[in-house]
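Summary of structural features
What follows is the residue order along each chain.
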There are 2 protein chains.
Amino acid sequence: MMVTQQPRRRDATATREAILNSAVEAFTRAGYDGAGVREVAAAAGVTAMLVNRYFGSKEQLFAEVVDRSFAPPTIVGSQPAAVAARIAEALVARTDPAAEQLSPFLLMLRSASNPRAAAIMRDAISRHVGTRLTDLLDGADTEQRAELILALISGVWLMRGIIATPALTSADPARLTEHLAGALRALSDTGPTPASS
Amino acid sequence: MMVTQQPRRRDATATREAILNSAVEAFTRAGYDGAGVREVAAAAGVTAMLVNRYFGSKEQLFAEVVDRSFAPPTIVGSQPAAVAARIAEALVARTDPAAEQLSPFLLMLRSASNPRAAAIMRDAISRHVGTRLTDLLDGADTEQRAELILALISGVWLMRGIIATPALTSADPARLTEHLAGALRALSDTGPTPASS
DNA sequence: CCATCATGTCTACGAGTGTAGACAATGCAG
DNA sequence: CTGCATTGTCTACACTCGTAGACATGATGG
């Protein structure tokens, strides 16, 4: 769809936005190393060099993509109560299969092989979702537990969305949500006996 | 170390083994796309073409690497009892930092961006560790829960070993093991109330 | 000893990579 | 209408990639 593109009236901010959008799609689908600058440029209807003139380099473009992809607060719920159940439901529910392919977790997993990309994503995580998730938790070791929750979510995206493991892809959504919520509850709820130490 | 290599006496099986070993190292460190055939060959002391003559192609070489890397039963414990605690301990304990860089989870995470590699790894998982872990579990949805456990382990490897999230890398190992074991227990133990439905 | 097959290397190709520098076209100010 | 800065393109470079075919070298059977 949208194979031919009319030249688009000259507009710097609109062009920048178009490049950034196609970059989000390309990096999320193919990863940092798998997506080419020419590919990103073509999908935006421009030339490869214009991408570098707007963003400096592929690496800086990726940094902006990561920032945009991790920024929206939709990733994690808002209310502290019942965080586990809400995450579990949102994780197994495949409502919009199109927007699903733009998940920041897919972006992270498919770009993890590149060390530079990993460093960029680490910064973005501790800047955005890390602190936001930590604030939702009570008790001890909130940062540690928040990152464990992120680890579990990432792992589900890996096994279910990328490796496409048989039992997870063809699983009964209700049961899957249940098991997942159980594991998340163990991480989000205040420890059963915080008495120790 | 071992910069210069004496030509090695001609031995087909020994050469094949040397190539396979260096391929495991290269693919685990850089991922399927990040590791080059010339790089694997050089580390084994041979030429790039010899790799293709022994394994057919880079893809088939990767398939053998995945098979070897996922085969050892060390990945998961042996006794059904206390699976959660044993996995958690083995996951946070960094005993041998050299052998740690050969983890099949690192291989999987860093090769996940390539769809062909993902398909190869899916086959290897359902052939090796999937069934083995499933047999350790009791109750309902064992396959589903086994893959969720794999997801959590993968996610911890991602966040702790690749992204190097601050709170997980500098975490108190004891507390981390505790939280992790809690989440794993929620997945490995038979549901608290299997009465529902 | 020497012929012969297995083992290993060399050269090369076609395609793709990120990006630097020079050039062209557009749209707005005067 | 005309100058001119902004916006965009073209060509090119120096690599790296996987792999195909022809060639060289080693060890071993007779």
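This report concerns the structure included in the present document. (Residues numbered from 1 in each chain as written. Chains lettered and ligands numbered in written order. Predicted model: local features only at pLDDT ≥ 70, side-chain atom pairs only at ≥ 80, totals over all residues. Heavy atoms only, no water.)

Attention shifts here to the overall build of chain A. Secondary structure assignment for chain A yields twelve helices and zero strands. The N-to-C order of helical and strand elements in chain A reads α-α-α-α-α-α-α-α-α-α-α-α. Evaluated residue by residue, chain A yields a buried proportion of 48% over its 197 residues. Taking the contacts inside chain A whose residues are at least 6 apart along the sequence as the reference set, 72% of them involve residues at least 24 apart. Carbon and sulfur atoms make up 54% of the accessible area of chain A, which totals about 9700 Å². (Helix = DSSP H or I, 4+ residues; strand = E, 2+ residues; numbered from the N terminus. Buried < 20%, exposed > 50% of the residue type's maximum accessible area, 1.4 Å probe, protein only. Contact = heavy atoms within 4.5 Å. Areas by Shrake-Rupley, 256 points an atom, 1.4 Å probe, with all protein chains shown as cover.)

Once that is clear, we can look at the interface of chain A and chain B. Contacts between the two partners involve 45 residues from chain A and, on the opposite side, 45 residues from chain B. Between chain A and chain B, roughly 3700 Å² of surface is buried when both sides are summed, and carbon and sulfur atoms account for 69% of that area. Contact with chain B buries area across many residues of chain A, yet Gln144(A), Glu147(A) and Ile163(A) alone supply 16% of it, more than any other trio. The interface formed by chain A and chain B holds two salt bridges in total. Between Arg175(B) and Asp141(A) there is a salt bridge; the shortest N-O distance is 3.1 Å. For the pair chain A and chain B, the interface holds twelve residue pairs in polar contact (both at pLDDT 80 or more). For the side of chain A that touches chain B, the secondary structure elements donating two or more residues are α7 (104–111), α8 (115–127), α10 (142–162), α11 (166–169) and α12 (173–188) of chain A. Counting residues per element, the side of chain A that touches chain B draws most heavily on α10(A), which supplies 14 residues. (Buried area = accessible area lost by both parts, 1.4 Å probe. Salt bridge = Lys/Arg side-chain N within 4 Å of Asp/Glu carboxyl O. Polar contact = N/O pair within 3.5 Å; in protein donor to acceptor, adjacent residues only side chain to side chain.)

Taken together, 20 residues form the shell around DNA strand C, and within it Lys58(A), Arg10(B), Thr15(B), Thr47(B) and Tyr54(B) come nearest. Across the atoms of DNA strand C situated within 4 Å of the protein, the share located in sugar and phosphate is 57%. In the environment of DNA strand C, a base nitrogen lies 3.3 Å from a nitrogen or oxygen atom belonging to the side chain of Arg10(A). In the environment of DNA strand C, a phosphate oxygen lies 2.6 Å from a nitrogen or oxygen atom belonging to the side chain of Thr47(B). Elements supplying a minimum of two residues to the surface near DNA strand C: α2 (37–44) and α3 (48–55) of chain A together with α1 (12–34) and α3 (48–55) of chain B. (Near = heavy atom within 4 Å.)

Turning our attention to the packing of aromatic side chains. Applying the stated criterion across every chain, the model contains six aromatic pairs over all chains. Their ring planes at 70 degrees and their centres at 4.9 Å tell us that Tyr32(B) and Phe62(B) sit as a pair that is edge-to-face. On the criterion of sequence distance, the pair formed by Tyr32(B) in helix α1 and Phe62(B) in helix α4 (residues 58–70) is long-range, its members being 30 residues apart. The burial state of Tyr32(B) is the same as that of Phe62(B); both residues are buried. A network of ring pairs unites the aromatic residues Phe27(A), Tyr32(A) and Phe62(A) as a single cluster. (Phe/Tyr/Trp six-rings, centres within 6.5 Å; stacked < 30°, edge-to-face > 60°.)

Residue and element names in this part refer to chain B. Restricting attention to buried positions, one finds in α3 the residues Ala 48, Val 51 and Phe 55. Buried residues of α3, seen end-on, are gathered within an arc of 55 degrees and therefore sit on one face of the element. Those residues of α3 that are exposed and aimed more than 90 degrees away from the buried face are Met 49 and Arg 53. On its buried side, α3 packs onto α1, α2 (37–44) and α4. (Arc of directions from axis to C-beta.)

It is worth spelling out the side chain of Ser154(B) at this point. With respect to the helices, strands and loops of the structure, Ser154(B) is situated in helix α10 (residues 142–162). Beyond its immediate chain neighbours, meaning those up to four positions away, Ser154(B) contacts Leu158(A), Met159(A), Phe105(B), Met108(B) and Leu109(B).

The next point concerns the protein's contact with DNA strand D. In the vicinity of DNA strand D, 21 residues are found, and the nearest of them are Arg10(A), Thr47(A), Tyr54(A), Arg38(B) and Lys58(B). In the interface set of DNA strand D, defined as its atoms within 4 Å of the protein, sugar plus phosphate atoms amount to 53%. A distance of 3.4 Å is found between a phosphate oxygen of DNA strand D and a side-chain nitrogen or oxygen belonging to Asn52(B). Within the residue set of the surface near DNA strand D, elements represented by two or more residues are α1 (12–34) and α3 of chain A together with α2 and α3 of chain B. Class assignment for the residues of the surface near DNA strand D results in nine nonpolar, five polar and seven charged. (Nonpolar A, V, L, I, M, F, W, Y, C, P; charged D, E, K, R; others polar.)

Moving on, we get to the pattern of salt bridges. This model, assessed by the stated rule, comprises 14 salt bridges over all chains. With a closest N to O distance of 3.1 Å, Glu59(A) and Arg116(A) form a salt bridge. Here Glu59(A) is found in helix α4 (residues 58–70), whereas its partner Arg116(A) is found in helix α8, with 57 residues between them in sequence. Arg116(A) sits in the exposed class, given a relative accessible area of 52%. The salt bridge involving Glu25(B) is made with Arg29(B); its shortest N-O contact spans 2.8 Å. Here Arg29(B) and Glu25(B) lie together in helix α1, a separation of four residues that amounts to about one turn. Among the charged side chains, a salt-bridge network with shared partners connects Glu25(A), Arg29(A) and Glu39(A).

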